[in-house]
Amino acid sequence: MPDKIFRAQMLPPEMPSLADGVPVAPPGTIFVKAAAGGYAVPPRKFTLHFGRAVRDVHVPVGAGDAHVSRLHGVFTCDGGQWWLRNEGRRPIQFPGEGMVLRGHELPMPAGYTPLTIETPNRKAHLLEVHVVGGPGPLRRDDSQTPTDTADVYDLKPVERLVVTVLAQQYLRREPYPTPVSWKQLAHDLNRVAPYRRWTDSVVDHVIADLRLRLAHGPDAIRGLLREDVGEPVGNTLNVNLIEALLRNATLIPDDLDALGEEL
């Protein structure tokens, strides 16, 4: 398709998977497709919206599933580079272990990338994205339904504070994040919550109790107990705890607000 006549356009739901190839388009064009159809935009200033609010987004995804946010994310073009930003509550899963948390953004690579939004009803809503290198029938409009957060784990205030500091590298999207050490955890807590004397043993006790409670609750999380993972344990239990709380949006980047600007 010649560049001069290429415009943002809707893609029909019957179009084959983007993994099988895309129509001819200028380099930098983005194709985004979900079950109900999709959208294609050449490299220019544009913001492409996706989420379950059928009438308010370019690409509906997760329509009918209240665990998906009405506006779950956007793709924006800046200087020919497309960026993904998560505006929803749940993480957007890249292939492998990568997650884009709420309020975070990531550049989209050239080629095909399948993204998923996983929900507690064992659904994984697929969003196919293809960035060119070098409407069919829609489901009911539930755009006014509040986003369902019923599966979020109920953390006590002290638990949320401690686990937020423990997971601060993940929430800031630092490269190769790890849980902070007990020493660093106690040090940071004494700085942001000096009303209590925090020590290595105190924070160990809080985290250990939280792992035990979540491992035996009605929606038990696997991999939080020593007997679940075997030896050597290392940091595995805390990594599993953090990833589980991020995955179901119990822990979100907004929690960093409670820590102030010093951390």
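Residues numbered from 1 in each chain as written. Predicted model: local features only at pLDDT ≥ 70, side-chain atom pairs only at ≥ 80, totals over all residues. Heavy atoms only, no water.

**Q** Could you give an account of the pairing of strand β11 (residues 111–119), naming the residues involved and the relevant values?
**A** Regular strands place side chains that alternate from one sheet face to the opposite one. Taken together, the nine bridges between β11 and strand β12 (residues 123–131) define a ladder with antiparallel strand orientation. Looking at β12, one finds that threonine 113 is bridged to valine 129. (Pairing = 2+ DSSP bridges. Helix = DSSP H or I, 4+ residues; strand = E, 2+ residues; numbered from the N terminus.)

**Q** How would you summarise the sheet that holds strand β7 (residues 81–86) if you had to cite specific residues and measurements?
**A** Strand order across the open sheet formed by five strands is β5-β4-β6-β7-β10, with mixed pairing between neighbours. Since the sheet does not close on itself, it has two edges, and those belong to β5 (59–60) and β10 (105–107), each with one partner. The pairing of strand β4 (residues 47–51) with strand β6 (residues 73–78) spans four bridges and is antiparallel. Residue pairing in the sheet places leucine 48 in a bridge with phenylalanine 75 of β6.

**Q** I'd love a proper account of the packing of helix α3 (residues 182–192) against helix α4 (residues 200–216), names of residues and values included.
**A** Packing of α3 against α4 leaves a shortest axis separation of 8 Å and a crossing angle of 100 degrees. With respect to α4, the axis of α3 lies roughly perpendicular. Every residue of α4 that contacts α3 at Trp182, Lys183, Leu185, Ala186 and Leu189 is listed here: Asp200, Val203, Asp204 and Ile207. (Axes fitted to C-alpha atoms, helices over the stretch in contact; angles between N-to-C directions. Parallel < 35°, antiparallel > 145°, perpendicular 65-115°, else oblique. Contact = heavy atoms within 4.5 Å.)

**Q** So what's going on with the pairing of β6? Residues and values would help.
**A** Of the pairings in the sheet, the one linking β6 to β7 comprises six bridges and is antiparallel in character. Residue pairing for β7: threonine 76 is matched across the bridge by tryptophan 83. Hairpin connection, β6 to β7: the antiparallel pair is bridged by two residues, and glycine 79 has positive phi, about 60 degrees.

**Q** So what about the packing of aromatic side chains? Which residues, and what values?
**A** Scanning all chains against the criterion turns up two aromatic pairs. Plain terms: the ring middles of tyrosine 39 and phenylalanine 46 are 6.3 Å apart, the flat faces sit at 20 degrees to each other, and that makes the pair stacked. Ring geometry for phenylalanine 50 versus phenylalanine 75: centroids 5.3 Å apart, planes at 35 degrees, classification tilted. Placement of phenylalanine 50 in strand β4 and of phenylalanine 75 in strand β6 is noted, with a sequence separation of 25 residues between them. Assessed through its relative accessible area of 0%, phenylalanine 75 is described here as buried. The ring of tryptophan 198 has arginine 196 sitting right over it, with the charged end atom 4.8 Å from the ring centre. (Phe/Tyr/Trp six-rings, centres within 6.5 Å; stacked < 30°, edge-to-face > 60°. Buried < 20%, exposed > 50% of the residue type's maximum accessible area, 1.4 Å probe, protein only. Lys NZ or Arg CZ within 6 Å of the ring centre and 35° of its normal.)

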